[in-house]
Amino acid sequence: MDEKLLSIDNATNELIKKAQTDGVETIWDRKENMKPCPMGEKGICCRICAMGPCRITPKTPRGLCGASPDVIVSRNFARMVAAGAAAHSDHGRDIAHVLHMSSKDGNYKVRDEAKLINLAKRWEIETDERDIYDIAHEVAGVALNEFGKPFGNLTLPPSLPEQRRKVWEDLNIVPRAIDREVVTVMHSTHVGCTADADSMLNISMRTSLADGWGGSYMATELSDILFGTPIPRETEANLGVLEENYVNIVLHGHEPSLSEMIVLAAEDPELVALAKEVGAEGINLAGMCCTANEVTMRHGVKIAGNFAQQELAVLTGAVEAVIVDVQCIFPALASLTDCYHTKFITTSPKARITGATHLEFDEEKAFESAKSIVKEAILNFSNRDNKKVFIPKSKSHAIVGYSVEAIINQLDKVVNSHIDPAGTVKPLADCITSGVIRGAAGIVGCNNPKVKHDYGHIELIKELIKNDVIVVVTGCAAQACAKAGLLSKDAKRLAGQGLATVCELVDIPPVLHMGSCVDISRILHLVGEVAKFLNVDIPQLPVVGAAPEWMSEKAVAIGTYVVSSGIDTWLGVAPPVTGGPRVLEILTNELENIVGAKFFVEPDPVKAAGQIIERIEQKRKVLEEMFEKKEELAKA
Ligand code: SF4
Ligand code: SF4
């Protein structure tokens, strides 16, 4: 591997070179010129009141109000968690609103009735002899109430083991209403409120749980109800999926309420005909970031790339429009698209960007609205400057669509129907307890120019599967895997013998694509079910999480709810907490005694893999002894 290259991905390196030739800047240029503030890096600057900004130095060991470094660091951390939880949860709320407007003849319909009925029953909503849309509207109403209900706690999903709930109850971190937890963080971090790092971190954990087991969980379940529960399907990934003679549309952002309609609009015969009229062979949709994950999981839409590649898509000179909604969208796309013919179209009032063309997406007239946005892209085809076009050849085959339901369906292939019931996680639990699979890792998160692009994800994952650790992926980590060929069934040749055998028998790749960032709730669901099946708490399982290239506040919320759920989490980039010794001690050590798991920070993915495997083996030893004792007791 050439150390000078900024990415392990050829297409990325080729387009970074093109940026230099074209004289435009990318995130890597901006990174080169940015000298991070050492205070910010350690989390010891505070600007939450006008007596400040204050920063901690040897001469000024406290803020003007007397806040210690730990207080400042813990408040800053809590606000990151709150912002991340707010982003995921507001996404979940929007999907609940869409469910509320669904109708038999409307644009948004119920696609997974069984999942809707199941959720309705869980929430004690009458389902017998009722119109499916009446049920849907009532479910949406209950879902929306979870955001701001005045009393009691969040209705947590049944996949949460009782032992875990008890831990949270004892710590008083069972989330109440989703919005309430975010508001509480904003209140407690105000000047003159919480000034105790331990307490601040407890509040952060509760807020993160409102995301993972609340807002994100809801976003996933309601999206499945509305747009269909994913099943395995084939796709292709990387910038080579753009096509020279087609109208290329890159869909970027997060919420499936927009992307689902764009997918439909791009198939509309009237618009396909228009594309031909303007000289193209058709319309080619490709996804970016989590929107890519949503539409590839449900429709097999090709994946253009992950977070760091968003500018590179424009640099191909072959993209007629980048259509975005919310989250993870570079404002830099506005000036970059000025240098090419590409239209940068914002659609959400929550994320308007100066310099972009704003075509607001109207959910009330969703299909018509999506059509007019797609039309804008088609009409831009004739503006393409062929001299500027360069589409890299790289693209890889991938299998996506592993929802929990799809995984259980695959597991049913190895169930002996004379002995065991179908439709459970037993085969997975058996593989883990027997040691054929040593453990499982959820690798998630973003790209970050502090890490060689995709290197953190791919090196870590290759090491893990080689050592018989099955990997599930979401977000931009999933797209890194798709590009590197790890989501193909052939990738089992890179797995250890135990995992390769399981892949062969169950007919799966060694790395399973479970969806977008909100779909990390699918991972919680699966881990919770395995823990419940084995009657253990989550921290007793040989299961880990990792975010080797994380960058967003959403990732901080995710990491915090994963650890609070009892899953050790490895970070490839240090969070801005190193200036608070007490905060650092809690996060990387004491949390283990509090919630059964903690954070590890390790920038070297090979070293991280070694630590993960060691940790998994420690957990296995305890688990195996526990099961041996149980067996002996049963025999006696
Ligand atoms: S809250 Fe305290 S530390 Fe923060 S800016 Fe105000 S005075 Fe400074
Ligand atoms: S993984 Fe990170 S960069 Fe990618 S979509 Fe999710 S939050 Fe954004």
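Up top you'll find the structure we're talking about.
This is a predicted model, so every value here is computed, not measured. Residue numbers run consecutively from 1 along every chain, following the written order of its sequence. Both sets of labels track the order of writing: A upward for chains, 1 upward for ligands. Residues qualify for local features only when their pLDDT is at least 70, as the model is predicted, and side-chain atom pairs are given and counted only at 80 or more; totals for whole chains, interfaces and linings, by contrast, use all residues. Here the side-chain values reflect all heavy atoms present in the structure, with hydrogen atoms and water set aside.

Visitor: Please provide a residue-by-residue account of the overall build of the protein chain, values included.
Guide: Here a strand is any run of E in DSSP of at least two residues, a helix any run of H or I of at least four, and the numbering for each starts at the N terminus. The helix and strand inventory of the protein chain stands at 24 helices and 16 strands. In this setup the radius of gyration rests on C-alpha atoms only. A globule is expected at 2.2 Å times the number of residues raised to 0.38. Taking 26 Å as the expected radius of gyration for a compact globule of 636 residues, we find that the protein chain reaches 24 Å, a close match to that expectation. Oriented by its inertia axes, the alpha-carbon framework of the protein chain measures out at about 80 × 75 × 55 Å. Under the scheme applied here, a residue whose accessible area is under 20% of the maximum for its type counts as buried, over 50% as exposed, and between as partly exposed, the area being computed with a 1.4 Å probe on protein chains only. Counting across all 636 residues of the protein chain, residues that qualify as buried make up 61%. Considering only intrachain contacts with a sequence separation of at least 6, the fraction spanning at least 24 residues in the protein chain is 76%. Should any heavy atoms of two residues lie within 4.5 Å, those residues are counted as being in contact.

Visitor: How would you sum up the packing of helix H17 (residues 426-434) against helix H24 (residues 605-635)? Please name residues and give values.
Guide: Axis geometry follows a simple rule: fit a line to the C-alpha atoms, using only the stretch in contact for helices, then measure angles between N-to-C directions, giving values from 0 to 180 degrees. Between H17 and H24, the least distance of the axes is 10 Å, while the angle of their chain directions is 105°. The angle between H17 and H24 falls in the class roughly perpendicular. The segment H17 lies against H24, with Ile 432, Thr 433 and Ser 434 engaging Arg 620, Glu 624 and Phe 627. Partitioned by chemical class, the residues of the contact of H17 with H24 number two nonpolar, two polar and two charged. Comment on the angle field: the value is read as roughly parallel under 35 degrees, roughly antiparallel over 145, roughly perpendicular from 65 to 115, and oblique elsewhere. Three residue categories are used. Nonpolar comprises Ala, Val, Leu, Ile, Met, Phe, Trp, Tyr, Cys and Pro, charged comprises Asp, Glu, Lys and Arg, and polar comprises the others, including Gly.

Visitor: Can you lay out unusual backbone geometry for me, pointing to particular residues and giving the numbers?
Guide: In this chain, Gly 52 is followed by Pro 53 through a cis amide linkage whose omega measures 5°. Although it is not a glycine, Asn 172 adopts a positive phi angle of roughly 55°. On the secondary structure map, Asn 172 appears in the loop between helix H7 (162-171) and helix H8 (178-188). Overall, the relative accessible area of 55% leaves Asn 172 in the exposed class. Despite not being glycine, Asn 238 has its phi angle at roughly 115°, a positive value.

Visitor: Break down the site of ligand 1 for me, citing the residues and quoting the values.
Guide: The environment of ligand 1 is made up of Cys 46, Ile 48, Cys 49, Met 51, Gly 52, Cys 54, Gly 63, Leu 64, Cys 65, Arg 75 and Val 191. Of the residues that constitute the shell around ligand 1, the class distribution is eight nonpolar, two polar and one charged. For this description, a residue counts as near a given molecule or strand if any of its non-hydrogen atoms is within 4 Å of it.

Visitor: Go over the environment of Glu 549, please, and point to the residues and values.
Guide: If you trace the backbone, Glu 549 turns up in the loop between strand S14 (543-547) and helix H22 (553-564). Taking the relative accessible area as the measure of exposure, Glu 549 reaches 0% and is therefore buried. Note: C-alpha distance between Glu 549 and Val 295 (254 residues apart in sequence) is 23 Å. Apart from residues lying up to four places away in sequence, Glu 549 is in contact with Cys 446, Asn 447, Asn 448, Val 451, Lys 452, His 453, Asp 454, Tyr 455, Gly 456 and His 457. Under this definition, polar contacts are N or O atom pairs within 3.5 Å; protein pairs additionally need one hydrogen-donor-capable and one acceptor-capable atom, and for neighbouring residues in sequence, both atoms have to be side-chain atoms. In this structure the side chain of Glu 549 is engaged in a polar contact, spanning 3.3 Å, whose partner is the backbone nitrogen of Tyr 455. Within polar-contact distance, the side chain of Glu 549 engages the backbone nitrogen of Gly 456 at 3.0 Å.

Visitor: Before we move on, can you summarise the site of ligand 2 with the specific residues and values?
Guide: Close to ligand 2 lie 13 residues; Cys 328, Gly 445, Cys 446, Cys 476 and Cys 517 are nearest. Those elements that place two or more of their residues in the shell around ligand 2 are helix H12 (289-299) and helix H19 (475-483). Classifying every residue of the shell around ligand 2 by side-chain character gives eight nonpolar, four polar and one charged.

Visitor: If you had to explain helix H16 (residues 404-411) to someone new, which residues and values would you point to?
Guide: Burial analysis of H16 places six of its eight residues in the buried class, the great majority of the element. Where H16 is concerned, the buried positions are Val 404, Ala 406, Ile 407, Ile 408, Gln 410 and Leu 411. As for H16, its buried residues are in contact with H17, helix H20 (497-506), strand S13 (511-515) and helix H21 (520-534).

Visitor: Mind laying out the pairing of strand S5 (residues 283-288), listing which residues take part and the relevant values?
Guide: Burial runs high along S5: six of the six residues are buried. Side chains Ile 283, Leu 285 and Gly 287 project from S5 onto one buried face, and the interleaved Asn 284, Ala 286 and Met 288 project onto a second face that is buried too. The sheet contact formed by strand S4 (residues 247-252) and S5 spans six bridges and is parallel. Bridge pairing in S5 links His 252 to Met 288. Two strands are counted as paired when DSSP detects at least two bridges linking them. In the sheet, S5 pairs with strand S6 (residues 302-305) via three bridges, with the strands oriented parallel. By the bridge assignment for S6, Ala 286 is matched with Lys 302. The definition of a right-handed crossover adopted here requires that, viewed with the strands pointing away, the path from the first strand over the helix to the second runs clockwise. The parallel pair S5 and S6, bridged by H12, forms a crossover whose chirality is right-handed.

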